[in-house]
Amino acid sequence: MAAPATTPITGAPATAASSPAGAKPSIRSKAHRSHEDIPTTQMRKIIAKRLLESKNQLPHQYMTVEIEMDNLIKARVEYNERSGSKVSVNDFIIKACASALQKVPEANAYWTPEALKFNSTIDVAFAAATPAGLLTPVGGD
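Residues numbered from 1 in each chain as written. Predicted model: local features only at pLDDT ≥ 70, side-chain atom pairs only at ≥ 80, totals over all residues. Heavy atoms only, no water.

S.K.: So what about the overall build of the protein? Which residues, and what values?
M.R.: When helices and strands are counted, the protein shows three helices and six strands. Counting from the amino terminus, the protein carries its helices and strands in the arrangement α-α-α-β-β-β-β-β-β. Expressed as a percentage of its 141 residues, the buried residues of the protein come to 9%. A fraction of 20% describes how many contacts in the protein between residues 6 or more apart in sequence connect residues 24 or more apart. Working note: accessible area of the protein is about 12,400 Å², and carbon and sulfur atoms make up 58% of it. (Helix = DSSP H or I, 4+ residues; strand = E, 2+ residues; numbered from the N terminus. Buried < 20%, exposed > 50% of the residue type's maximum accessible area, 1.4 Å probe, protein only. Contact = heavy atoms within 4.5 Å. Areas by Shrake-Rupley, 256 points an atom, 1.4 Å probe, with all protein chains shown as cover.)

Dropping the structure here:
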């Protein structure tokens with residue numbers, strides 16, 4: 001079976017100003033694409049449902065900051081060499097989040113229609129990929 005004919009896309013997309021009247025930009029045929037279906041496990045279904053519920057039902061606030069990580073990466077390498085452990089950059093970020101919540105307990109809260117709830121403990125969840133699916137272990141106090 002011959003591969004489907006495609007028209008490669010090159011350069012910037014055609015615009016009305018750069019295309020002849022009525023001409024359409026070239027597009028690649030989707031006929032060459034394939035995929036593999038992997039049946040979802042009950043765990044993956046629950047994870048997807050919970051993530052969607054979290055995103056849709058809980059208020060979110062996004063903040064960004066640029067951080068120079070050179071010193072942290074150097075300290076991580078030195079620590080791993082000294083201790084024989086394998087500590088990741090993510091481990092440092094999780095620890096920093098927990099430390100920030102200790103220093104600013106007002107940030108360790110969540111909103112409900114009845115009240116702003118302040119937590120008395122610090123729990124940090126993180127995503128961990130496993131062959132069975134994504135898990136979110138929680139590191140507590």
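Still more ground to cover, so stick around.
S.K.: Outline the confidence of the model for the protein, supporting the account with residue identities and numerical values.
M.R.: This prediction gives the protein a mean pLDDT of 76; 73% of its residues lie at or above 70. By mean pLDDT, strand β6 (residues 138–140) is the weakest element of the protein at 67, and helix α2 (residues 70–83) is the strongest at 95. When the criterion is pLDDT under 50, residues 1–19 qualifies, and its contacts beyond four places in sequence or with other chains add up to 16 contacts. (pLDDT = per-residue confidence, 0-100.)

S.K.: So what's going on with the pattern of salt bridges? Residues and values would help.
M.R.: Proximity of charged atoms lets side chains of opposite charge pair with each other. Following the criterion strictly, the structure yields one salt bridge and no others. Linking R50 and E53 is a salt bridge whose minimum nitrogen-to-oxygen distance equals 3.6 Å. Placement of the pair is R50 and E53 together in helix α1 (residues 42–57), with a separation of three residues, close to one helical turn. What makes E53 partly exposed here is its relative accessible area of 28%. (Salt bridge = Lys/Arg side-chain N within 4 Å of Asp/Glu carboxyl O.)

S.K.: Could you give an account of the nonpolar core, with specific residues and numbers?
M.R.: With five residues, the main nonpolar core is built from I94, A98, L101, I122 and V124. By residue number, the principal contributor to this core is helix α3 (residues 89–103), which donates three residues. In this structure I94 touches V124 and F126, once residues within four positions along its chain are discounted. (Core = buried A, V, L, I, M, F, W, Y, C linked by side-chain atoms within 4.5 Å.)

S.K.: Summarise the environment of C97; cite the residues concerned and give the values.
M.R.: Looking at the secondary structure, you find C97 in helix α3. The exposure class of C97 is partly exposed, given its relative accessible area of 37%. Residues C97 and D123 lie 26 residues apart in sequence; the distance between their C-alpha atoms is 9.7 Å.

S.K.: Please give an account of a nonpolar patch on the surface that cites residues and values.
M.R.: A cluster of nonpolar residues, W111, L116 and F118, forms a patch on the protein surface that exposes about 370 Å² of accessible area. Checked against the element boundaries, W111 lands in strand β1 (residues 109–111). Looking at W111, the relative accessible area reads 52%, which means it is exposed. (Patch = residues over 30% accessible without salt bridge, like charges linked within 9 Å, V, L, I, M, F, W, Y side chains within 5 Å.)

S.K.: Explain the side chain of N80 to me, using residue names and the numbers behind them.
M.R.: As for its position among the elements, N80 is in helix α2. Under the relative-accessibility criterion, N80 is labelled buried at 14%. Of note is the side chain of N80, whose polar atom sits 2.8 Å from the backbone nitrogen of V87. If we skip the residues at most four places from it in the chain, N80 touches S85, K86 and V87. (Polar contact = N/O pair within 3.5 Å; in protein donor to acceptor, adjacent residues only side chain to side chain.)

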